[in-house]
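Examination of the molecular architecture
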Amino acid sequence: MSDTSTESIAEAPFYPMPRAAGCPFAPAPEVREIATAGPISRVRTWEDKEYWLVTGFDEARELFPNPDVHLDNLHPEFPHTNASMKGLAALSPRTMFNSEGAEHARFRRMLAKPFTPKRLETMRPLIQQHVDDRIDAMLAGGNSADLVKSLALPVPSGVICELLGVPYEDHAFFQHHTEVGFDSNTSQEEAMQNTLQLLDYLNKLIEIKTESPAEDMISDMAEHVRAGDLQPWEASLQAVGFLAAGHETTANMIGLSVIALLEQPEQLALIRDTDDPKLLINAVDELVRYMSIPHIGLRRVAVADIEIAGETIRAGDGIIFDLGAANWNPEVFPDPERIDVTRENAAQNLSFGAGRHNCIGIQLARIELAITLQTLFRRIPGLRVTASYDEIDFKEEAMVYGIHRLPVEW
Ligand code: HEM
């Protein structure tokens with residue numbers, strides 16, 4: 001186990017570090033400095049405990065798939081993001097989100113069916129329809145809107161609702177509770193109540209789908225519960241995870257990408273004008289690299305000693321991966337502060353994680369972002385943001401970076 005003496009606690013910098021004011025897309029300057037000094041280092045977190053911080057791209061690529069690096073949030077040395085997450089973890093059973101080995105592979109196999117690239121390709125017309133409907137409504141409503149409320153949130157929310165079989169008319173309920181759940185300032189008590197309400201909602205939906213199954217993921221989960229492959233709590237927790245991860249992440253990416261691209265008209269034009277689906281997906285990967293929206297570190301714990309970059313990570317040491325530092329590593333991504341939608345290795349970015357827990361929704365998110373951004377810039381060519389950075393409420397404190405609102409005109 002690591003040295004947690006008072007002296008070393010005083011020396012290690014506090015993590016996470018804030019992004020720079022006036023530069024809302026760049027990783028925290030302090031974390032970039034740490035990355036320049038070396039690929040792994042020590043940081044201190046809210047619990048006054050020291051953990052490893054991995055800022056190196058190659059080291060992250062090596063460690064994520066290592067079978068001795070576990071996403072085990074029940075381990076006593078797991079580096080929780082805050083007290084609420086720690087409290088919730090203590091009450092959670094094992095699911096896909098905190099299991100390893102054969103157990104994780106079993107959960108993932110059970111839930112991966114709708115996310116094969118082939119299946120997702122068939123969803124393009126449906127996603128296009130969601131986007132067109134939202135833009136029709138924006139145009140019919142005048143010449144200004146809140147882009148988050150009118151497009152960025154409804155598109156991924158509508159799509160994940162269809163996949164899961166969640167009624168879209170409940171969107172205000174689940175969007176609100178997801179935002180509260182991702183907010184690092186949410187108190188432990190509030191986080192508990194919040195999660196219980198979401199669990200209760202999805203639990204009831206699973207019961208409904210047990211009685212009247214349909215062609216959707218919740219019905220599949222209900223069938224697994226009926227067959228005894230999933231416990232009811234495992235099913236509802238995983239459904240909460242899919243519902244939350246399936247809309248909040250992509251919504252934040254849409255909002256941030258619109259701001260960034262409106263400032264880079266030549267990059268925007270490449271996205272708007274291309275008929276090459278590969279370039280469009282590459283552009284999305286580049287934006288995902290640039291923003292690094294999971295911006296307070298992916299968390300793991302070592303279960304055996306690991307030698308890396310001249311250091312020994314001991315069994316029982318907590319590890320935090322800072323994606324922003326790795327995604328802005330100039331040796332891997334030259335001129336990282338520049339959005340280059342033609343960047344050849346954009347797909348190597350780490351914003352979707354890596355290894356066995358990597359994002360199951362990666363292809364869905366890519367397609368949603370590609371269709372939404374291209375359609376928006378084609379259909380509303382005069383789009384402009386009407387707020388300065390100072391006036392935009394960036395989600396600095398949230399586990400997933402993004403924006404709350406985005407006033408636009410055309
Ligand atoms: C731009 C959008 C998205 C980003 C940046 C993103 C990012 C991530 C990251 C970084 C992880 C790994 C977490 C870790 O290793 O600790 C992850 C896992 C996951 N994501 Fe996404 N995600 C996005 C969209 C989606 C969508 C649309 C879904 C919808 C279904 C989804 C579902 C999941 C699930 C279920 C996992 C857990 C996988 C596992 O533990 O095996 N994500 N995501």
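Owing to the predicted nature of the structure, the values given are computational and were not obtained by experimental measurement. (Residues numbered from 1 in each chain as written. Predicted model: local features only at pLDDT ≥ 70, side-chain atom pairs only at ≥ 80, totals over all residues. Heavy atoms only, no water.)

Attention now goes to the overall build of the protein chain. Summing up its helical and strand segments, the protein chain has 17 helices and 10 strands in all. Here the protein chain has a C-alpha radius of gyration of 21 Å; the compact-globule value for 410 residues is 22 Å, and the two agree. Its C-alpha atoms put the protein chain at 60 × 55 × 40 Å along the principal axes. Looking at the protein chain residue by residue over its 410 residues, the buried ones come to 56%. Within the protein chain, contacts between residues separated by at least 24 positions form 72% of all contacts whose residues are at least 6 apart in sequence. Of the roughly 17,400 Å² that the protein chain leaves accessible, carbon and sulfur atoms contribute 53%. Side-chain charges in the protein chain split into 35 positive and 62 negative, and the spacing between the mean points of these groups amounts to 5 Å. (Helix = DSSP H or I, 4+ residues; strand = E, 2+ residues; numbered from the N terminus. Rg over C-alpha atoms; globule rule 2.2 N^0.38 Å. Buried < 20%, exposed > 50% of the residue type's maximum accessible area, 1.4 Å probe, protein only. Contact = heavy atoms within 4.5 Å. Areas by Shrake-Rupley, 256 points an atom, 1.4 Å probe, with all protein chains shown as cover. Lys, Arg positive; Asp, Glu negative; His and termini not counted. Charge placed at Lys NZ, Arg CZ, Asp CG, Glu CD.)

Under the counting rule described, the total for this entry stands at 24 salt bridges. Lys 204 is the partner of Asp 200 in a salt bridge, and the nearest nitrogen-oxygen pair spans 2.9 Å. Note that Asp 200 and Lys 204 are positioned in helix 11 (residues 188-211) at a spacing of four residues, about one turn of the helix. Residue classification places Lys 204 among the partly exposed positions, given a relative accessible area of 46%. Salt-bridge contacts for Asp 216 lead to Lys 209; the nearest nitrogen and oxygen are separated by 2.8 Å. We note that Asp 216, like Lys 209, is buried. A network of salt bridges, in which partner residues are shared, links Asp 132, Asp 136 and Arg 379. (Salt bridge = Lys/Arg side-chain N within 4 Å of Asp/Glu carboxyl O.)

Here the second largest pocket defines a volume of roughly 410 Å³. If you trace the second largest pocket, you find 22 residues lining it, with Pro 16, Met 17, Ser 184, Ile 296 and Glu 396 closest to the centre. Taken together, the residues of the lining of the second largest pocket break down into 11 nonpolar, seven polar and four charged. (1 Å grid on protein atoms, 1.4 Å probe; cavity = no way out; pocket = protein on both sides within 12 Å on 5 of 7 lines; lining within 4 Å. Points joined across faces, edges and corners; volume = space filled by probe spheres on them. Nonpolar A, V, L, I, M, F, W, Y, C, P; charged D, E, K, R; others polar.)

For the iron atom of the ligand, the protein contributes exactly one donor atom, Cys 359 (SG), at 2.3 Å. With respect to the helices and strands, Cys 359 occurs in the loop between helix 16 (323-327) and helix 17 (362-379). (Donors = N, O, S within 2.8 Å, 3.2 Å for Na, K, Ca; no water.)

Right, let's talk about the packing of aromatic side chains for a bit. Scanning all chains against the criterion turns up 10 aromatic pairs. Here Phe 57 and Phe 333 contribute two aromatic rings whose centre-to-centre distance is 5.6 Å and whose plane-to-plane angle is 90 degrees, an arrangement assigned as edge-to-face. Here Phe 57 is found in helix 3 (residues 57-63), whereas its partner Phe 333 is found in the loop between helix 16 and helix 17, with 276 residues between them in sequence. A relative accessible area of 5% places Phe 57 in the buried class. The residue whose ring lies beneath Arg 42 is Trp 52, and the NZ or CZ to ring-centre distance is 4.4 Å. (Phe/Tyr/Trp six-rings, centres within 6.5 Å; stacked < 30°, edge-to-face > 60°. Lys NZ or Arg CZ within 6 Å of the ring centre and 35° of its normal.)

Every one of the 27 residues lining the ligand counts as a neighbour, but His 104, Arg 108, Arg 300, His 357 and Cys 359 are closest to it. Here an oxygen atom of the ligand and a backbone polar atom of Met 96 are 3.4 Å apart. Arg 108 places a side-chain nitrogen or oxygen 2.8 Å from an oxygen atom of the ligand. Element by element, the count of residues in the shell around the ligand is highest for helix 13 (residues 232-262), at six residues. Of the residues assigned to the shell around the ligand, the class counts are 15 nonpolar, nine polar and three charged. (Near = heavy atom within 4 Å. Polar contact = N/O pair within 3.5 Å; in protein donor to acceptor, adjacent residues only side chain to side chain.)

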